[in-house]
Amino acid sequence: MKIQNIKKRYLQISIGLVYLWFGGLKFFPNLSPAEELAINTIDELTFSLIPSNISILLLAFWEVLVGVFFLFNLQKRGTVRLAMVHMLLTFTPLLYFPELIFNEGLLTLTLLGQYIIKNLIIMGALGVLWMETIEEETPIEKTKEENIDPELSLRRIFRFR
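Values in this document were obtained by computation on a predicted structure and should not be read as measured data. (Residues numbered from 1 in each chain as written. Predicted model: local features only at pLDDT ≥ 70, side-chain atom pairs only at ≥ 80, totals over all residues. Heavy atoms only, no water.)

Trainee: Looking at this structure, I do not really get unusual backbone geometry. What am I missing?
Mentor: Glycine aside, the phi torsion of most residues is negative, and most peptide linkages are trans. A positive phi angle, close to 70°, is found at Asn30, a residue other than glycine. Following the sequence through the fold, Asn30 ends up in the loop between helix H1 (3-25) and helix H2 (35-45). According to the relative accessible area criterion, Asn30 is exposed, its value standing at 70%. (Helix = DSSP H or I, 4+ residues; strand = E, 2+ residues; numbered from the N terminus. Buried < 20%, exposed > 50% of the residue type's maximum accessible area, 1.4 Å probe, protein only.)

Listed below in structure tokens is the structure:
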């Protein structure tokens, strides 16, 4: 295994462990330090359509699923997408609850604020994994693209000029 592949695999494993750990805590009431913030944020995003006891379990399931998929290297492209959507949503409390995120100024964060801002690191690692999925186009797919008969192109079939 190449050193580059090992580095990327370490990224997957570390992100997977963080997701598994943080998601697992949400299955048990009052264990996650971000539980209340997560529930309130989901309430805001869904206009309180999902009961809070259900929404936290859905979030826990989402996070644990992402963690397991990263740990076992399953469906990498889809898992990176799910994780990136999740990471983007973790920043919504900055808009909805700034009083919980910032102390006196924009540069002084509360512990919850630091909990959110650390996700920039995870997003950077997800970006690296996303680039890897783009590079991983299988040779079979490339061969199929290269072997398309120019006579059968859409332009020729439909006589577009």
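Trainee: Help me out: how do you make sense of the nonpolar core in this one?
Mentor: For soluble globular proteins, the rule of thumb is that nonpolar side chains tend to be buried together. Within the largest apolar cluster, 18 residues are counted, with the highest numbers of intra-cluster contacts made by Ile15, Tyr19, Phe70, Ala83, Met87 and Leu126. Only H1, helix H3 (52-71), helix H4 (76-89) and helix H8 (119-135) provide two or more residues apiece to this core. If you look at the next biggest cluster of nonpolar residues, it comprises five residues, including Ala38, Ile39, Ile42 and Leu59. (Core = buried A, V, L, I, M, F, W, Y, C linked by side-chain atoms within 4.5 Å.)

Trainee: What is the right way to look at the packing of H3 against H4 in this model?
Mentor: Helix packing geometry: the angle between the two helix axes and the distance between the axes. Two numbers describe how H3 lies on H4: the axes approach to 10 Å, and their chain directions differ by 140°. Comparing the axis directions of H3 and H4 gives the class oblique. As for the relative orientation of H3 and H4, their crossing is left-handed in sense. Residues Leu59, Trp62, Glu63, Val66, Phe69 and Phe70 of H3 form the contact with H4, whose own contacting residues are Thr79, Val80, Leu82, Ala83, Val85, His86 and Leu89. Taken together, the residues of the contact of H3 with H4 break down into ten nonpolar, two polar and one charged. (Axes fitted to C-alpha atoms, helices over the stretch in contact; angles between N-to-C directions. Parallel < 35°, antiparallel > 145°, perpendicular 65-115°, else oblique. Left-handed = near helix turned anticlockwise from the far one by under 90°. Contact = heavy atoms within 4.5 Å. Nonpolar A, V, L, I, M, F, W, Y, C, P; charged D, E, K, R; others polar.)

Trainee: Could you clarify how one ought to interpret the environment of Leu37 in this entry?
Mentor: Considering the arrangement of structural elements, one finds Leu37 in helix H2. Here Leu37 falls in the buried class, since its relative accessible area comes to 8%. Leu37 sits 60 residues away from Phe97 along the chain, and the two C-alpha atoms are 8.7 Å apart. Beyond its immediate sequence surroundings of up to four residues, Leu37 is in contact with Pro93, Phe97, Leu100, Ile101, Leu112 and Ile116.

Trainee: Would you explain H4 in this entry?
Mentor: Between its terminal C-alpha atoms H4 stretches 20 Å, which fits the 20 Å expected from 14 residues at 1.5 Å a residue. Among all positions in H4, only Lys76, Thr79, Val80, Ala83, His86 and Met87 are buried. Around the axis of H4, the buried residues are gathered within 125° of arc, so they sit on the same side. Taken together, the buried residues of H4 touch H1, H3 and H8. (Expected span 1.5 Å × (residues − 1). Arc of directions from axis to C-beta.)

Trainee: I would appreciate a short explanation of the packing of aromatic side chains in the present structure.
Mentor: Geometry of an aromatic ring pair is reported as the spacing of the ring centres plus the angle between the planes. Evaluation of the coordinates by the stated rule reveals two aromatic pairs. Relative to Tyr115, the ring of Phe22 has its centre 5.5 Å away and its plane inclined at 10°; by these criteria the two rings are stacked. Here Tyr115 lies in helix H7 (residues 111-117) and Phe22 lies in helix H1, a separation of 93 residues in the sequence. On the basis of an interplanar angle of 50° and a centroid distance of 6.3 Å, the ring pair of Tyr96 and Phe97 is categorised as tilted. Exposure remark for Tyr96: the relative accessible area of 35% places this residue in the partly exposed category. Accessibility expressed as a relative area gives 12% for Phe97, which makes it buried. Cation over ring: Arg77 sits above Trp130, and NZ or CZ is 5.2 Å from the ring centre. Residue placement shows Lys118 over the ring face of Tyr115; its charged tip is 4.6 Å from the ring centre. (Phe/Tyr/Trp six-rings, centres within 6.5 Å; stacked < 30°, edge-to-face > 60°. Lys NZ or Arg CZ within 6 Å of the ring centre and 35° of its normal.)

Keep in mind these values describe shape, not function.
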